[in-house]
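# Structural features, examined
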Amino acid sequence: MEVTSVDLGFLEPCEPWLLTNKFFRSKVGGKPAWLELKLLPKPDDLLCGQCNEPLGFLCQVYAPVEANENSFHRTLYVFVCLTAACNQSPEPEAGTIKVLRSQLPRRNEYYEYDPPDETKESPAIKSPVPLCVVCGCRGPKLCSRCKAVNYCSAAHQRLDWKAVHKSVCCSEEGSTVPASGTSSILFPEFEIITEEEEYEPKAKLSEEENAKRQLAELERLKQEGKAGALDELSEAELDQYSSDQVEDKTFDKFKERISADPEQVLRYERGGKPLWLSPKLPQAIPPCGRCAGRRVFEFQIMPQLLNSLNSEQLDWGTLVCYTCEASCDVQGYAEEYIFRQDVLNTDTAKN
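Residues numbered from 1 in each chain as written. Predicted model: local features only at pLDDT ≥ 70, side-chain atom pairs only at ≥ 80, totals over all residues. Heavy atoms only, no water.

### As for the overall build of the protein
Of the regular secondary structure elements, the protein holds four helices and 14 strands. Restricting to contacts in the protein with at least 6 residues of sequence separation, those with at least 24 account for 70%. Taken as a whole, the protein presents about 18900 Å² of accessible surface, with 49% of it coming from carbon and sulfur. (Helix = DSSP H or I, 4+ residues; strand = E, 2+ residues; numbered from the N terminus. Contact = heavy atoms within 4.5 Å. Areas by Shrake-Rupley, 256 points an atom, 1.4 Å probe, with all protein chains shown as cover.)

In C-alpha cells form, the structure reads like this:
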C-alpha cells in the first residue's frame, strides 16, 4: 500500500455545537456554519437556475491555503437543488448546483486568534445579519404579522407557516419555537473527517495476459452470438461500441480505486486530478470570475454521500469542484465552478 496525495472524507456523528462556525470543521447537512458573517450571499444568489426555488445546503469543506495569509480560514459551501425534476433531467440547466468560497486572515473581526477550547460546549459566533429560520441563509423577509421570524424567501415562509409558525405566530412563544417542523428540507448533519488515502495499484497486465483477456472477451461474445455481428455494424455503431468500451474501462477504474474505502464521501486534492467515472468530461474549466486566473481541481463529492441524505430527489455520479488557483481575495462569498458527472450512459451537467 502507498499513501497518495489524496485526502479521503468520511462521515462521522458529532455533537452539533462542535459543527458551528467557531470550530472550523467540515460537515454535511444541517444549516451552513457561515465563515464571513456580514456579507452573506443574497437569497437570489442561492436560487436554482432552472426552477428558481431556493437551493438546499449540502455540505461545507474547511480548506485553508497555508501559502496565502488571507486564506488562513477558508471554507467552501455546496448547495444543491432539492426538486426531483432538476436532479432527474438528463440535461438540467446551469445553476442547479453551486459552490461558494469564503476566506479570512487569522486576525479578523469575528474569531479569536488562537483555536477555541473544544473540551467544553460554547455557542457559535452569531451573525449580525438576520438568518432564515428554515435554512439558515440570509433572511431579509419578516413575518408580516409578528415581525419576529426571518425568512430567505416566500417559499420557506410558506413551508414554516404550515409546519410550525401558524400555531405560534403572535403568541409569547412565537419567536422562540425552533423550526423543527421544517427540518424536512435539511439533510442529516455529520462531521466530515479526513484521512490520507492508501492505495495499492493493480499490476499492469503483460502483453500475454492482455491477449488472453481479449481472447476471453471474444469467446464471451461468441457464446452470446454477438461476435459475428460486429462485422455487420455501421461505422457509427462501431464508434458507439468503442465508446461504451471506454466508458466501461473508466467506470471499472473508478470502482477499483474506491474499493478499499467504499464509504468515502469526499476526495480532496487541491491542484490534483479528479477520479472520473465516465469519459464525458467538462469541455473547459472557466477562469475565476474575480481575478480571471486559472481554476484548479480541489475536491469531489462521491456518490456514497447520497446514501446518508435521506432524499429520493437527489442524484449524481460525482460532483467535481474547481476553485481559483490563487485563492484570490474575497469580500464575503465568491462563486466557484462545480461539474456534475452522472452515472454511465447519462449526460453530464455543467453548473
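### Side note on the pairing of strand β13 (residues 337-341)
In the case of a regular strand, side chains alternate between the two sheet surfaces. Most of β13 sits inside the fold, with five of its five residues counted as buried. Going residue by residue along β13, you find Tyr337, Phe339 and Gln341 tucked away on one face and Ile338 and Arg340 tucked away on the opposite face as well. One ladder, built from five bridges, connects strand β11 (residues 318-324) with β13; its direction is antiparallel. Paired with Val320 across the two strands is Phe339, which belongs to β13. (Buried < 20%, exposed > 50% of the residue type's maximum accessible area, 1.4 Å probe, protein only. Pairing = 2+ DSSP bridges.)

### A short note on the side chain of Lys98
Within the secondary structure, Lys98 is located in strand β5 (residues 97-104). Although buried, Lys98 forms no salt bridge, and the nearest oppositely charged side chain, Glu335, lies 4.9 Å from it. From its side chain, Lys98 meets the backbone oxygen of Asp45 in a polar contact 3.0 Å long. (Lys, Arg positive; Asp, Glu negative; His and termini not counted. Salt bridge = Lys/Arg side-chain N within 4 Å of Asp/Glu carboxyl O. Polar contact = N/O pair within 3.5 Å; in protein donor to acceptor, adjacent residues only side chain to side chain.)

### Overview of the confidence of the model for the protein
Summarising the model, the protein shows a mean pLDDT of 87, and 81% of its residues fall at 70 or more. Within the model, the stretch residues 346-350 combines pLDDT values under 50 with 18 contacts to residues more than four positions away or in other chains. (pLDDT = per-residue confidence, 0-100.)

### Some details on the pairing of strand β3 (residues 56-62)
Burial of β3 is extensive: six of the seven residues sit out of reach of the surface. Note that strand β2 (residues 27-28) and β3 share two bridges and pair antiparallel. Paired with Lys27 across the strands is Gln60, a residue of β3.

### Some points on the nonpolar core
Trp34, Leu35, Tyr77, Phe79, Tyr111 and Tyr333 are the most contacted members of the largest nonpolar core, which totals 30 residues. Put simply, the parts of the chain that give this core at least two residues each are β4 (73-80) and β5. Core analysis: the second largest hydrophobic core is formed by 25 residues, Val61, Val265, Leu309 and Cys321 among them. (Core = buried A, V, L, I, M, F, W, Y, C linked by side-chain atoms within 4.5 Å.)

### Topic: the packing of aromatic side chains
Aromatic ring pairs are described here by two measures, namely the spacing of the ring centres and the angle between the planes. The full count for this structure, using the stated rule, is 13 aromatic pairs. Centroid distance Trp17 to Phe23: 5.5 Å. Interplanar angle 70 degrees. Geometry classified as edge-to-face. Across the pair, Phe23 and Trp17 agree in class, each one buried. Ring centres of Tyr77 and Tyr333 lie 5.7 Å apart, and the angle between their planes is 65 degrees; this geometry places the pair in the edge-to-face category. With a gap of 256 residues between them, Tyr77 in strand β4 and Tyr333 in the loop between β11 and β12 (334-335) connect regions that are remote in the sequence. A single burial state applies to Tyr77 and to Tyr333, both of which are buried. (Phe/Tyr/Trp six-rings, centres within 6.5 Å; stacked < 30°, edge-to-face > 60°.)

### A look at the pattern of salt bridges
Applying the stated rule across the entire model yields 14 salt bridges. Among the salt bridges present, the one from Lys38 reaches Glu109, with a minimum N-O distance of 2.8 Å. With Lys38 in the loop between β2 and β3 and Glu109 in the loop between β5 and β6 (141-142), this pair connects stretches of sequence that are 71 residues apart. Accessibility expressed as a relative area gives 57% for Glu109, which makes it exposed. Here Glu298 and Arg270 are joined by a salt bridge, their closest N and O atoms 3.4 Å apart. Pair noted here: Glu298 is in strand β10 (residues 295-301) and Arg270 is in the loop between β9 (266-268) and β10, with a separation of 28 residues, a long-range link. Residues joined in a network through salt bridges with shared partners are Arg25, Glu118 and Glu191.

### So, the side chain of Glu191
Mapped onto the elements of the fold, Glu191 is located in strand β8 (residues 190-199). Using a relative accessible area of 12% as the deciding quantity, one classes Glu191 as buried. Reaching out from Glu191, the side chain makes a polar contact with the side chain of Arg25 at a distance of 3.2 Å.

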